[in-house]
Structures are given as structure tokens and as C-alpha cells.
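Per-entry structural report
Chain by chain, the residues:
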Amino acid sequence: MPVHRSGSTKSRRSRLAAAGTLLAALSLLIALPGASNAAGGDPTAPARGSATMGMGVVAHDGKGGLPVEGRAAQTEGVDVSSHQGNVAWSTLWNSGVKWAYTKATEGTYYTNPYFAQQYNGSYNVGMIRGSYHFATPDTTSGATQANYFVDHGGGWSKDGKTLPGVLDIEWNPYGAQCYGKTAAQMVAWIRDFVNTYKARTGRDAVIYTATSWWKDCTGNNGGFATTNPLWVARYNTTVGELPAGWGFYTIWQYTSSGPTVGDHNHFNGALDRVQALANG
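The text that follows walks through the structure, step by step, so that each part is easy to find. Values in this document were obtained by computation on a predicted structure and should not be read as measured data.

**Examining the side chain of Ser122**
Take Ser122: it is sitting in helix α4 (residues 115-124). Separated by 2.9 Å, the side chain of Ser122 and the backbone oxygen of Gln118 make a polar contact. In contact with Ser122, not counting residues within four places along its chain, are Trp89, Ala100, Gln117, Met127 and Arg129.

So this is what it looks like as C-alpha cells:
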């Protein structure tokens, strides 16, 4: 005669239901922003890959008014990432924006899913455009990241419409602000990146940074100014102090709350100077 184990069956069902609830909770946790960083650091940190040019400027340097227009010629440009999605390039062009930089890569683990629309779309409306790499010096070497960048949209061609690639080196949104490196180690990492980029493309990379970060994390090193154009971040009425060695900026990111696309920039010169940088 068969033995009925109704109690055991109910118990198994209860255990299965509990396991299902736990798995659902874990799936939700993994999907939350920053969850991928929880095991290795601050659980409130953003998800890897989400970093954007200048995301730490306001928190570290504050925000003032917009620049007062002066006599010197400036050419308006924007920088974009996946946060902007599909960009209305014709709207920006009609507003006076003549050049653009698009985030291509971060570390060796991320490529921008909107890169084609942003990089090609800006070109198609007539803009001079380029791409940038968000550096994570705590994950892989400078040479490794430079190669990853070049292989995933960071190259250069002398077509008169392509700007040299940018090394975006700034506050770490995922952990220690200097990525756990001493000033000497950071300088060596940056040198490794720019040397590799030059070897791969024939161009010196533009360096994007903020003066306060550069002082804190490189010891205000002045050894890149003779080769690498400076793109400085400061959201205020004047550009302020520049990092050591650079007597002038090539590009100034002056706001993160501009029209159509938030990050707006002044190129230090008329459009023909933007074209000159593109041509090398």
C-alpha cells in the first residue's frame, strides 16, 4: 500500500517557494545601479561604465556662473556619452555647435552603445568630431587601455573632420579618487597611455582633467604640456588656474547644464583652429 507523505510534500513546496523569493531578490539587487561595485567597494557607487566627462566637477570644485563672452574667438562644442542617447545633432548644429567629442570606451570593459549614432551623427551634420576614453588606472595599464580605446573608436584619420583622441583622467566615481596610486605612479600610467596612443595613431592625445584633481593625483606634474593639448574642466565665469606646465587651454568645459546637451565647451580659437587640430 502506498504511503502518503503530504507533510513532506508541503515542506518541499515551502522550501522551493522560499528559494524562488531569494533568487528574485538577488536578481533585483544585481540589477540596481552600483550593485556590481558592492563586492569591491562602496555599494552606493555608480555602475561600472556609467562614468562621464566631468561628473565629479561640481562635487569637488563647485559651480559658479557662466563665462562672460570676451573678444577672443571661441568655438562652441559639446561632449556626449550614452547618457544622452540619440542626440539631436541638427538642433545643436543650428544653435552654433561646430564640434563634438563622444565617449567611446571606459577601462577595458565598456563601449558606448550609442557611439555610432553620436560619432557619425555629429560628422554627418558637418561637425568636426572625436572620441574620448574614460580612464580607470586601477583596472589595467595605460598601454592596455590606450590600445582598447584605439580598437573601439578612438582612432584618428587625417580627413579634416576627426580630432585626436582624448584621455579623460579625473576623479574616480567608483572608489579612491586617485585610483590608489601615488603621484609618481599616476604620472607613469598617463605616460604609458599617451605614448601608446601616439605610437598607434601618430597623434598626441588631448588630456582632459581638472586642475584640482591634477594637483592632488599627479603632484601637479608639468611634463605633458609640451606635447598634449589641455582640455580643462571648470564650471565658472573664468577658467581659473591651469595645471602646471600649460600656459593656455585648448578646450574649456565650462558647464554641465547647457542647452540640448548639458556638457558645453569653448575651443580656444576660431573654427580654423579646430580644423588645424583635426589635421594635426
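**Quick look at unusual backbone geometry**
Despite not being glycine, Tyr179 shows a phi value in the positive range, around 60 degrees. Within the secondary structure, Tyr179 is located in the loop between β5 (166-168) and α6 (183-201). Positive phi values are uncommon outside glycine, yet Asn220 reaches one of about 60 degrees. Residue position: Asn220 is located in the loop between α7 (211-218) and β7 (230-233). A residue is classified by how much of its surface remains accessible, and Asn220, at 24% relative accessible area, is partly exposed.

**Topic: the pairing of strand β9 (residues 264-267)**
Residues His264 and His266 point to one face of β9 and Asn265 and Phe267 to the other, with burial holding for every one of them. The sheet contact formed by strand β1 (residues 75-80) and β9 spans four bridges and is antiparallel. Looking across to β9, one finds that Thr75 is bridged to Phe267. Across four bridges, strand β8 (residues 251-255) lies against β9 in antiparallel orientation.

**Some thoughts on the nonpolar core**
The biggest cluster of nonpolar side chains holds 56 residues, and the ones touching the most others in it are Trp99, Tyr101, Ile169, Ile190 and Trp231. If you look at the next biggest cluster of nonpolar residues, it comprises nine residues, including Val80, Trp89, Met127 and Val261.

Reading guide: rules and limits
Residues numbered from 1 in each chain as written. Predicted model: local features only at pLDDT ≥ 70, side-chain atom pairs only at ≥ 80, totals over all residues. Heavy atoms only, no water. Helix = DSSP H or I, 4+ residues; strand = E, 2+ residues; numbered from the N terminus. Polar contact = N/O pair within 3.5 Å; in protein donor to acceptor, adjacent residues only side chain to side chain. Contact = heavy atoms within 4.5 Å. Buried < 20%, exposed > 50% of the residue type's maximum accessible area, 1.4 Å probe, protein only. Pairing = 2+ DSSP bridges. Core = buried A, V, L, I, M, F, W, Y, C linked by side-chain atoms within 4.5 Å.

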